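# Observations on chain architecture
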Amino acid sequence: MHHKVPTLQLPTDDYTQMQTMSDRHLVCVLRSAVLAPSRVGRFMPRPPAEHDAYRVFRQEAGIDVCLYAAGKAVFCCRFVPHE
C-alpha cells in the first residue's frame, strides 16, 4: 500500500479496543500518543510536523493511520497487538 512511506510500527495493549474505535477516534489516539510535542521525539522514524490530512486503513496485520501532505502519504503509524 504505502511501500516507500516511512512507517512506525507501534505495539499496543489496547489493540482490541482500538479495533472498535471510529476513524476519528483513532486519529485522536495518534495525535495524543505519537504526535504530541512531548512524545514525537521518542519515535523513529519521526513523524513529520507538516501534514494536512489523515487516513485510516484497517487490515489484518494492524491499523494504519497515515499522514498526508498535499495529497501524498508522508508517514504511517501502524498500531499492532502487543505480544
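One can find the structure itself at the top, above this paragraph.
Residues numbered from 1 in each chain as written. Predicted model: local features only at pLDDT ≥ 70, side-chain atom pairs only at ≥ 80, totals over all residues. Heavy atoms only, no water.

### Some details on the nonpolar core
With 19 residues, the main nonpolar core has L30, V34, C77 and F79 as its most contacted residues. Contributing elements (two or more residues each) for this core: β1 (7-12), α1 (15-18), α2 (23-33), β3 (63-69) and β4 (72-81). At four residues, α2 tops the list of elements feeding residues into this core. V5, C66, Y68 and C76 belong to the second largest nonpolar core, which has five residues in total. (Core = buried A, V, L, I, M, F, W, Y, C linked by side-chain atoms within 4.5 Å. Buried < 20%, exposed > 50% of the residue type's maximum accessible area, 1.4 Å probe, protein only. Helix = DSSP H or I, 4+ residues; strand = E, 2+ residues; numbered from the N terminus.)

### Focus: the layout of surface pockets
As a volume, the largest pocket reaches approximately 150 Å³. Lining the largest pocket are L10, P11, T12, D14, Q17, M18, M21, V29, A33, R39, F43 and F79. Every element with two or more residues in the lining of the largest pocket is listed here: β1, α1 and α2. Top element by residues in the lining of the largest pocket is β1. It accounts for three residues. Each residue belonging to the lining of the largest pocket can be placed in one class, and the counts come to eight nonpolar, two polar and two charged. (1 Å grid on protein atoms, 1.4 Å probe; cavity = no way out; pocket = protein on both sides within 12 Å on 5 of 7 lines; lining within 4 Å. Points joined across faces, edges and corners; volume = space filled by probe spheres on them. Nonpolar A, V, L, I, M, F, W, Y, C, P; charged D, E, K, R; others polar.)

### Digging into unusual backbone geometry
Glycine aside, residues mostly have negative phi angles, and peptide bonds mostly take the trans form. For the bond running from M44 to P45, omega is 0°, close enough to zero to count as cis. Relative to the helices and strands, P45 is located in the loop between α2 and β2 (53-58). You will see that A70, though not glycine, has its phi angle at about 50°, which is positive. Turning to its location among the elements, A70 is positioned in the loop between β3 and β4.

### Examining the pattern of salt bridges
A full pass over the atoms with the stated rule returns two salt bridges. One salt bridge in this structure joins D23 and R58, with 2.9 Å as the shortest N-O distance. You can see D23 sitting in helix α2 and its partner R58 sitting in strand β2, a full 35 residues away along the chain. On the basis of relative accessible area, D23 is assigned to the partly exposed category, the value being 38%. (Salt bridge = Lys/Arg side-chain N within 4 Å of Asp/Glu carboxyl O.)

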